[in-house]
Amino acid sequence: MSAYTATVTVRLKQGVLDPEAETTKRALERLGFELSGLRSADRFEVDLDAADEDAARERAAEMAERLLANPTIHDYDVEVAPRE
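Residues numbered from 1 in each chain as written. Predicted model: local features only at pLDDT ≥ 70, side-chain atom pairs only at ≥ 80, totals over all residues. Heavy atoms only, no water.

1. Remarks on helix α1 (residues 19–30)
And then number 1: Between its terminal C-alpha atoms α1 stretches 17 Å, which fits the 16 Å expected from twelve residues at 1.5 Å a residue.
And then number 2: One or two steps after α1, the chain reaches Gly32, where phi turns positive at roughly 100 degrees. (Helix = DSSP H or I, 4+ residues; strand = E, 2+ residues; numbered from the N terminus. Expected span 1.5 Å × (residues − 1).)

Printed below as a string of C-alpha cells:
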C-alpha cells in the first residue's frame with residue numbers, strides 16, 4: 001500500500017443557480033474587477049492508502065458519488081498525488 005492525497009473538487013452543474021457565486025461576483029465587480037462569470041466550489045483533500053494511484057482515484061470518486069457530491073446538481077473532479 002502507498003499513501004496518496006486525493007483532491008475532490010465539487011461544483012454546481014452549469015445551469016444550476018449558484019447564489020454564493022453571484023453575490024461574490026457582484027462584490028468583485030463593485031471593487032472594479034471585470035469578470036464574465038464566477039462559480040463557487042468545495043474542495044476536499046482526502047489522505048488515504050491504496051494499492052496504486054488508480055485505486056486511490058476510484059476510492060475518492062466513490063466517496064464523491066456517495067457523500068461529497070449530489071450527482072443531480074453537482075459535477076466533481078478527482079486528482080490524486082502521492083502523499084509526501
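2. A few points about the environment of Leu48
And then number 1: Relative to the helices and strands, Leu48 is located in strand β2 (residues 41–50).
And then number 2: Linking Leu48 and Ala64, residues 16 residues apart in sequence, is a C-alpha distance of 14 Å.
And then number 3: Not counting chain neighbours up to four residues away, the residues in contact with Leu48 comprise Ser2, Ala3, Tyr4, Ala6, Ala56, Arg59, Met63 and Arg83. (Contact = heavy atoms within 4.5 Å.)

3. Description of the pattern of salt bridges
And then number 1: Within the structure shown, the criterion is met by eight salt bridges.
And then number 2: Ionic pairing is found between Arg11 and Asp77, a salt bridge with its closest N-O pair at 2.8 Å. Here Asp77 lies in strand β3 (residues 74–82) and Arg11 lies in strand β1 (residues 2–12), a separation of 66 residues in the sequence.
And then number 3: For Arg83, the salt bridge identified is with Asp49, shortest N-O distance 3.2 Å. (Salt bridge = Lys/Arg side-chain N within 4 Å of Asp/Glu carboxyl O.)

4. Regarding the sheet that holds β3
And then number 1: Overall, antiparallel pairing links the three strands, which are arranged β2-β1-β3 in an open sheet. At either margin of the open sheet sits one strand with a lone partner, and together these are β2 and β3. Between one strand axis and the next, the sheet turns through 20 degrees on average, direction left out of account.
And then number 2: One ladder, built from nine bridges, connects β1 with β3; its direction is antiparallel. Along β3, the bridge assignment pairs Thr9 with Asp77. (Pairing = 2+ DSSP bridges. Axes fitted to C-alpha atoms, helices over the stretch in contact; angles between N-to-C directions.)

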